[in-house]
Amino acid sequence: MSEMPAPSLAPAKTIALVGLMGVGKTSVGRRLATALNLPFRDADHEIEAAAGRSISEIFADRGEAEFREGERRVIARLLGEPPHVLATGGGAFVQPQTRALIKAGAVVVWLKADIEVLVRRVGRKSGRPLLADRDPAEVLSALAKDRYPYYAEAHLTVDAGDAPHGVTVAAIIAAVSEHMKAGV
């Protein structure tokens, strides 16, 4: 399926994608950035570059609290850049300071999908510290219960479902366009 051409949309703010692991923040984010002719940034990749090590290594050696502090600093730096599409880590928006930064500096889009879809997707990729030696369905269900109230604070919610990425990109563009027209 070919992606729909983007309407003329020139966001004045970064578009930040939040949601659980496996929902497509990075893969959809890349396509969204291309469709909007904006740069793409992946917070997890930026954190790894800044730390000179993988997220799994940071979690193992330094713990989640130190990882989250580094994540906050990196996201603050990224939000200071000209508008772009930003894929955040699944837990970033749960942290109060990071959530406040993202909400103030970006149009926040919560990408949402059924747990069954996410389980299938995360099974294709290793290196997710929160899934190490655990049942993905149980972990994702628990994360959804904990994180959905925070994700609900996003400016917009888009159902990523099991649709092709181009459909999700078009839905994000439509939602952000409406958001911008409303002058929010």
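A brief structural summary. If you're wondering where the values come from, they're calculated on a predicted model, not measured in any experiment.

Basis of the calculations
Residues numbered from 1 in each chain as written. Predicted model: local features only at pLDDT ≥ 70, side-chain atom pairs only at ≥ 80, totals over all residues. Heavy atoms only, no water. Salt bridge = Lys/Arg side-chain N within 4 Å of Asp/Glu carboxyl O. Helix = DSSP H or I, 4+ residues; strand = E, 2+ residues; numbered from the N terminus. Buried < 20%, exposed > 50% of the residue type's maximum accessible area, 1.4 Å probe, protein only. Axes fitted to C-alpha atoms, helices over the stretch in contact; angles between N-to-C directions. Parallel < 35°, antiparallel > 145°, perpendicular 65-115°, else oblique. Contact = heavy atoms within 4.5 Å. Nonpolar A, V, L, I, M, F, W, Y, C, P; charged D, E, K, R; others polar.

Before going further, it helps to examine the pattern of salt bridges. Side-chain pairs of opposite charge can arise where the charged atoms are in close proximity. In total, this model carries 14 salt bridges according to the counting rule given. Here E64 ties to R68 by a salt bridge, and the two come within 3.1 Å at their closest N and O atoms. Highlighted residues: E64 and R68, both in helix α4 (residues 64-79), separated by four residues, approximately one helical turn. What makes R68 buried here is its relative accessible area of 9%. The shortest N-O distance in the salt bridge between E178 and K181 comes to 3.4 Å. Here E178 and its partner K181 are both found in helix α8 (residues 165-181), three residues apart, which amounts to about one turn of the helix. The network of salt bridges with shared partners includes R41, E46, R77 and E81.

Another aspect to go through is the packing of α4 against helix α5 (residues 96-105). The contact between α4 and α5 brings their axes to 10 Å, and the two run at 10 degrees. By the angle between their directions, the pair α4 and α5 is classed as roughly parallel. Where α4 approaches α5, its residues R72, I75, A76 and L79 are matched on the opposing element by Q97, T98, L101, I102 and G105. By residue class, the composition of the contact of α4 with α5 is five nonpolar, three polar and one charged.

Just geometry here; none of it tells us what the structure is for.
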